[in-house]
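# Structure assessment
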Amino acid sequence: MAKYENGHVPHTKLSEVLAGKNPSKSWTHKVVDDKHLRAGWVGLKVGDSTRPIRVTDHQTAFIVWDGQVEVTIEGVTPFVATKGFMIRVPFRRLYSLKNVGETPSLHFGIWNADSTFLYPQDSATLPKPPKINGKDQVWYLSRHDAPDSLTRQPEPIFYDFFAQPAAGAFVSDDRMFVNRIRGQAFNCNPQPATSIGHFHVDYAEFWFIMEGQISYNIEGLPFFVAEPGDIVYVPAGRWHSAANHCPGFDTRIAINGYPRGTHNWPVTTQPPVPPIERGRPH
């Protein structure tokens, strides 16, 4: 059975993330950190903002979940995002997020695992360079290529989900897939244990629960139900099945690094065990 490694857990409950957080301070809470994607919660205290950065060669995505967040993206008129806003930032576009409300804000950030951040030369908040092999480093000034087009993908830069709930891809890049899956359940019956779903060979997958309830069968785990704001994670190689749960609409945001990745489904008839010769199957 594929293992949960590097601190990953099957079910991250938002209530547990928020427990013990000081609303007078900004904070981050890592949820996903694998070979393809990184993701986590960011809480901003009133008036606080993220450092202006560019990401060299990968798109970045956010889901705002609480408060009022002013989003500034190079080439886009600044806008205020509230609960349910989905935002994508094309690569090499300078961006920052600022809490402009009267209460702490909360958003979920998604980055490619190989993302490299660029900081403006005149940034007053330029961070201290990291040490490499214990040695101090210095920043290197360079001129970069033009930023990615705002319209290369058909998806908008931001989408207010709760104003217009709908299924469909939001980010569909070659290194990131953020996809709205929406449906409706008619009862609250648990999925049968035989509903094992599928698995992915090369990549992990996780889901942001946007509305309603989503039930899960994950190989090796008991059946469970996830609520809005929860994150469910499954490593590559584990069977998993997600389903709408209880009457009403349910939406999960499926997130992975392979927009056209393979889903491996069960078949009822397996071939006979191949012969073994000198310890090698053939």
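Here, the structure is the one placed above.
Summarised in this report is the structure supplied together with it.

Definitions and limits used
- Residues numbered from 1 in each chain as written.
- Predicted model: local features only at pLDDT ≥ 70, side-chain atom pairs only at ≥ 80, totals over all residues.
- Heavy atoms only, no water.
- Helix = DSSP H or I, 4+ residues; strand = E, 2+ residues; numbered from the N terminus.
- Rg over C-alpha atoms; globule rule 2.2 N^0.38 Å.
- Buried < 20%, exposed > 50% of the residue type's maximum accessible area, 1.4 Å probe, protein only.
- Contact = heavy atoms within 4.5 Å.
- Areas by Shrake-Rupley, 256 points an atom, 1.4 Å probe, with all protein chains shown as cover.
- Lys, Arg positive; Asp, Glu negative; His and termini not counted.
- Charge placed at Lys NZ, Arg CZ, Asp CG, Glu CD.
- Phe/Tyr/Trp six-rings, centres within 6.5 Å; stacked < 30°, edge-to-face > 60°.
- Core = buried A, V, L, I, M, F, W, Y, C linked by side-chain atoms within 4.5 Å.
- Pairing = 2+ DSSP bridges.
- Axes fitted to C-alpha atoms, helices over the stretch in contact; angles between N-to-C directions.
- Salt bridge = Lys/Arg side-chain N within 4 Å of Asp/Glu carboxyl O.
- Polar contact = N/O pair within 3.5 Å; in protein donor to acceptor, adjacent residues only side chain to side chain.

### A short note on the overall build of the chain
- A count of helices and strands for the chain gives one helix and 22 strands.
- Relative to the 2.2 N^0.38 estimate, which gives 19 Å for 282 residues, the radius of gyration of the chain is 21 Å and therefore close to what a compact globule would have.
- Taking the principal axes of its C-alpha atoms as reference, the chain extends roughly 65 × 55 × 40 Å.
- By the burial criterion, 44% of the 282 residues in the chain qualify as buried.
- Partitioning the contacts of the chain with sequence separation of at least 6, the portion at a separation of at least 24 is 72%.
- Of the roughly 15200 Å² that the chain leaves accessible, carbon and sulfur atoms contribute 53%.
- Taking the average place of the 28 positive charges on the side chains of the chain and the average place of its 27 negative ones, the gap between the two points comes to 5 Å.

### A closer look at the packing of aromatic side chains
- According to the stated counting rule, one finds 17 aromatic pairs in the structure shown.
- Geometrically, the ring pair formed by phenylalanine 199 and tryptophan 239 is edge-to-face, given 4.8 Å between the ring centres and 75 degrees between the ring planes. A residue pair is termed long-range when its members are at least 10 positions apart, and phenylalanine 199 in the loop between β14 (176–185) and β15 (205–211) and tryptophan 239 in the loop between β18 (231–234) and β19 (240–245) qualify at 40 residues.
- Look at phenylalanine 206 and tyrosine 233: their rings are 6.5 Å apart centre to centre, the planes differ by 25 degrees, and that puts the pair in the stacked class. Of this pair, phenylalanine 206 sits in strand β15 while tyrosine 233 sits in strand β18, and the two are 27 residues apart along the sequence.
- A relative accessible area of 1% means that phenylalanine 206 is categorised as buried.
- One aromatic cluster is present, built from ring pairs that chain together Trp41, Trp65, Phe108, Phe161, Phe162 and Phe208.

### A closer look at the nonpolar core
- Trp41, Phe108, Ile110, Val178, Phe206, Phe208 and Tyr216 are the most contacted members of the largest nonpolar core, which totals 40 residues.
- When residues in this core are grouped by element, the largest group, five residues, is from β15.
- Sequence-distant contacts of phenylalanine 206, that is, excluding residues within four places in its chain, are made with Val32, Leu37, Ala39, Phe108, Ile110, Ile231, Val232, Tyr233, Ile253, Ala254 and Ile255.
- Ile73, Val76, Leu97 and Trp111 belong to the second-largest nonpolar core, a separate cluster that totals 17 residues.

### Overview of the sheet that holds strand β7 (residues 79–81)
- Strand order in this open sheet of three strands is β7-β6-β9, and the pairing throughout is antiparallel. Only two strands of the sheet have a single neighbouring strand rather than two, namely β7 and β9 (95–99). The average undirected angle you get between the axes of adjacent strands in this sheet is 30 degrees.
- Inspection of the sheet shows strand β6 (residues 69–73) paired to β7 by three bridges, in the antiparallel sense. Residue pairing across strands places valine 71 opposite phenylalanine 79, the latter belonging to β7.

### With respect to the pattern of salt bridges
- The final tally for this structure, using the stated rule, is eight salt bridges.
- Note that aspartate 136 and lysine 131 form a salt bridge whose closest N and O atoms lie 2.3 Å from each other.
- Aspartate 173 serves as the salt-bridge partner of arginine 152, at 3.2 Å between the closest nitrogen and oxygen. A residue pair is termed long-range when its members are at least 10 positions apart, and arginine 152 in the loop between β11 (117–118) and β12 (158–160) and aspartate 173 in strand β13 (residues 168–173) qualify at 21 residues.
- We classify aspartate 173 as buried; its relative accessible area is 10%.

### Brief notes about the environment of leucine 94
- In this structure, leucine 94 sits in the loop between β8 (85–89) and β9.
- Leucine 94 gets classed as partly exposed once you look at its relative accessible area, which sits at 24%.
- When the C-alpha atoms of leucine 94 and arginine 38 are compared, they prove to be 19 Å apart, with 56 residues separating the residues in sequence.
- Contacts of leucine 94, omitting those with residues within four sequence positions, involve Pro52, Ile53, Arg54, Thr72, Ile73, Glu74 and Pro120.

### Looking at the sheet that holds β15
- If you trace the six strands from one edge of the open sheet to the other, you get β1-β18-β15-β20-β14-β13, paired in antiparallel fashion. Two strands in the sheet have a free side with no partner beyond their single neighbour: β1 (11–12) and β13.
- Bridging between β15 and β18 involves four bridges; their strand directions are antiparallel. Residue pairing in the sheet places glutamate 205 in a bridge with valine 234 of β18.

### Comments concerning the side chain of glutamine 153
- Looking at the secondary structure, you find glutamine 153 in the loop between β11 and β12.
- Here glutamate 155 takes part through its side chain, which lies 2.9 Å from a polar atom of the side chain of glutamine 153.
- Look past the residues within four positions of glutamine 153 in its chain and what remains in contact with it is Gln59, Arg88, Phe170, Val171, Ser172 and Asp173.

### Thoughts on unusual backbone geometry
- Its identity is not glycine, yet asparagine 6 carries a phi of approximately 60 degrees, on the positive side.
- Its place among the elements puts asparagine 6 in the segment before β1.
- In this structure, cysteine 246 is a non-glycine residue whose phi angle is positive, near 70 degrees.

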